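Given next are the chains, with one letter for each unit.
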Amino acid sequence: MLALEMYRSPAKFLAAKAMGSRIPAILTGPAAPLRLVTIDEPKADREGWARIRPILSGICGSDLGMVTGHTKLYFSALVSLPFVPGHEIVGELLDDCEDLPKGTRVVMDSVLTCAARGVEPCESCSSGRTSLCDRITVGHVSPGLQTGFCQDTGGGWGNVMVAHRSQLYAVPEGLSDERAVLVEPLAGAVHTALRAKIEPGQSVLVSGAGAVGLFATLALRELTQAGRITVVAKHPKQRELARAFGASDVVAPDEVFRGVRRATGAFRLKPDLNAKEFLLGGVDVAVDAVGSKDSIDTVLRVTKAGGRVVLAGMPSTGADLSPVWFRELELTGTYASSREEPNGRPAFETALEMAQKAPLDGVVGARYPLYRWREALDHAQSAGRLGTVKVAFDVRAS
């Protein structure tokens, strides 16, 4: 089969680290540890497993971080190289899979939990908090925190992949492929919104208006009783979609402190020696949907004392944690999604319902065959500036 394969290359990793900030094109060019290859199909030779032919497969921020060398080495023990990336998929079953017949269109919860690995359920899996599975490196499947980061399963950036029945959800008839491929990131947004524990009427800041931030905004408005939701957005299309998805206010990155101070009546303070300003007072809950140092620094500085900060973007290093200590902030991480969320339902069931009714037309703004992978990754790197939310591979065209 044809697939894009991620492989181990210390030389390319070091080149990306050394030159990526000065020559961005190198990250999806010579320094990318990715190759288009013909390899054997992964095997679905255990009970409960089936082959899937991907139709569309999204390019996620975590995929870009992996290809460009920005992902932390922390995760190196949680993957098995080489692997085929791609965990945001809509595809067609090539085999019967228990109650799902061959030909069923499916979406996939990518976390490779105890059920998929054939081991006794850990405490987290037993309670339905499958995103916290402690067995993601053991069992009869190679190490991999998710499908798309595991040598044995394949991924959506290839012609064929395999998945376990516990991961699969049938796509309702009438739901387009372009909407269905968004279900996995929407499920992550459901998880984020419910983990944020918003009380009725509380003010919320969402920092970032890429796919993570926009879908978090949508889920916060749909699933909580949040009051004012302020979204930080750089680009015109992001601002338009943030309002369509439920934002009360949209501010540019350089307007955050002024906007939050005005909306909440907070006091604005400026430390010495051009250190970054902060507020006394601020929003009740802030969601960081970027993961950059600047974005994390900002949400920590505009959240009121005793408030909650939710980290929905994969964090970088270097953020100043002084506000966490001084203002007694509660830090909450949110990763993937769970089979039993605080509302008592799998995140994917809620996400499938949202995908049917939310204003998602045009959110998949570009599709590329696998052989145009460098163009696809370049586009995804600049998606916000180009007015695109999600870039996907059209695997059928490959």
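- The chain is annotated in an unreviewed UniProt entry as Zinc-binding dehydrogenase of Kribbella koreensis.

### Details of the overall build of the chain
Next up, step 1: Helices and strands together make up the secondary structure of the chain, namely 13 helices and 17 strands.
Next up, step 2: Reported as C-alpha extents along the three principal axes, the dimensions of the chain are approximately 60 × 45 × 40 Å.
Next up, step 3: Within the chain, buried positions represent 57% of all 398 residues.
Next up, step 4: Within the chain, counting contacts between residues at least 6 apart in sequence, those at least 24 apart form 69% of the total.

### Thoughts on the packing of helix α6 (residues 183–195) against helix α12 (residues 347–357)
How two helices sit against one another is set out by the angle between their axes and by the gap between those axes.
Next up, step 1: Between α6 and α12, whose axes approach to 8 Å, the crossing angle comes to 115°. The interaxial crossing formed by α6 with α12 has right-handed handedness. In this structure, α6 uses V183, E184, L186, A187 and V190 to contact α12, whose residues at the interface are A347, F348, T350, A351, L352, M354 and A355.
Next up, step 2: Taken together, the residues that form the contact of α6 with α12 break down as ten nonpolar, one polar and one charged.

### Structural notes on the nonpolar core
Next up, step 1: By size, the foremost hydrophobic cluster in this structure holds 53 residues, and its most contacted members are V107, L186, V204, F215 and L360.
Next up, step 2: Secondary-structure elements contributing two or more residues to this core are β3 (49–58), α6, β8 (204–207), α7 (211–223), β9 (229–232), α8 (236–244), β13 (283–288) and α12.
Next up, step 3: The element contributing the most residues to this core is α6, with seven residues.
Next up, step 4: In this structure, V107 is in contact with I89, V90, Q167, L168, Y169, V171, A180, V183, F348 and L352, ignoring residues within four places of it in sequence.
Next up, step 5: Formed by 34 residues, the second largest nonpolar core is a distinct cluster that contains A32, I59, Y368 and V395.

### Considerations on the pattern of salt bridges
Next up, step 1: In total, this model carries 22 salt bridges according to the counting rule given.
Next up, step 2: As a salt-bridge pair, R367 and E178 come within 2.7 Å of each other at their nearest N and O atoms. Highlighted residues: R367 in strand β16 (residues 364–368) and E178 in helix α5 (residues 177–180), separated in sequence by 189 residues.
Next up, step 3: On the basis of relative accessible area, R367 is assigned to the partly exposed category, the value being 39%.
Next up, step 4: Using a relative accessible area of 31% as the deciding quantity, one classes E178 as partly exposed.

### Describing the packing of aromatic side chains
Next up, step 1: On inspection of all chains with the given rule, the structure shows five aromatic pairs.
Next up, step 2: Taken together, a centroid distance of 5.7 Å and an interplanar angle of 55° make the contact between F83 and F149 tilted. With F83 in the loop between α2 (61–68) and β4 (89–93) and F149 in the loop between α4 (123–126) and β6 (161–164), this residue pair connects regions lying 66 residues apart in the sequence. Per residue, the accessibility class of F83 equals that of F149, and both read buried.

### Regarding the environment of F278
Next up, step 1: Locating F278 in the fold gives a position in strand β12 (residues 278–280).
Next up, step 2: Spatially, the C-alpha atom of F278 lies 7.5 Å from that of F257, the residues being 21 residues apart in sequence.
Next up, step 3: For F278, the residues in contact, after removing those within four places along its chain, are F257, F267, R268, L269, P271 and R301.

### Digging into the sheet that holds β13
Next up, step 1: As summarised here, the arrangement of the six strands in space is β10-β9-β8-β13-β14-β15, forming an open sheet in which the pairing is parallel. Only two strands of the sheet have a single neighbouring strand rather than two, namely β10 (249–251) and β15 (330–333). On average, each strand axis in the sheet is inclined to that of its neighbour by 20°, with strand direction left out of account.
Next up, step 2: Sheet topology places strand β14 (residues 303–311) next to β15; four bridges connect them, and they run parallel. The partner of V310 across the bridge, within β15, is T332.
Next up, step 3: Running at roughly 150° to β14, helix α10 (residues 293–301) makes contact with β8, β13, β14 and β15 of the sheet.

Reading the values: rules and limits
- Residues numbered from 1 in each chain as written.
- Predicted model: local features only at pLDDT ≥ 70, side-chain atom pairs only at ≥ 80, totals over all residues.
- Heavy atoms only, no water.
- Helix = DSSP H or I, 4+ residues; strand = E, 2+ residues; numbered from the N terminus.
- Buried < 20%, exposed > 50% of the residue type's maximum accessible area, 1.4 Å probe, protein only.
- Contact = heavy atoms within 4.5 Å.
- Axes fitted to C-alpha atoms, helices over the stretch in contact; angles between N-to-C directions.
- Left-handed = near helix turned anticlockwise from the far one by under 90°.
- Nonpolar A, V, L, I, M, F, W, Y, C, P; charged D, E, K, R; others polar.
- Core = buried A, V, L, I, M, F, W, Y, C linked by side-chain atoms within 4.5 Å.
- Salt bridge = Lys/Arg side-chain N within 4 Å of Asp/Glu carboxyl O.
- Phe/Tyr/Trp six-rings, centres within 6.5 Å; stacked < 30°, edge-to-face > 60°.
- Pairing = 2+ DSSP bridges.

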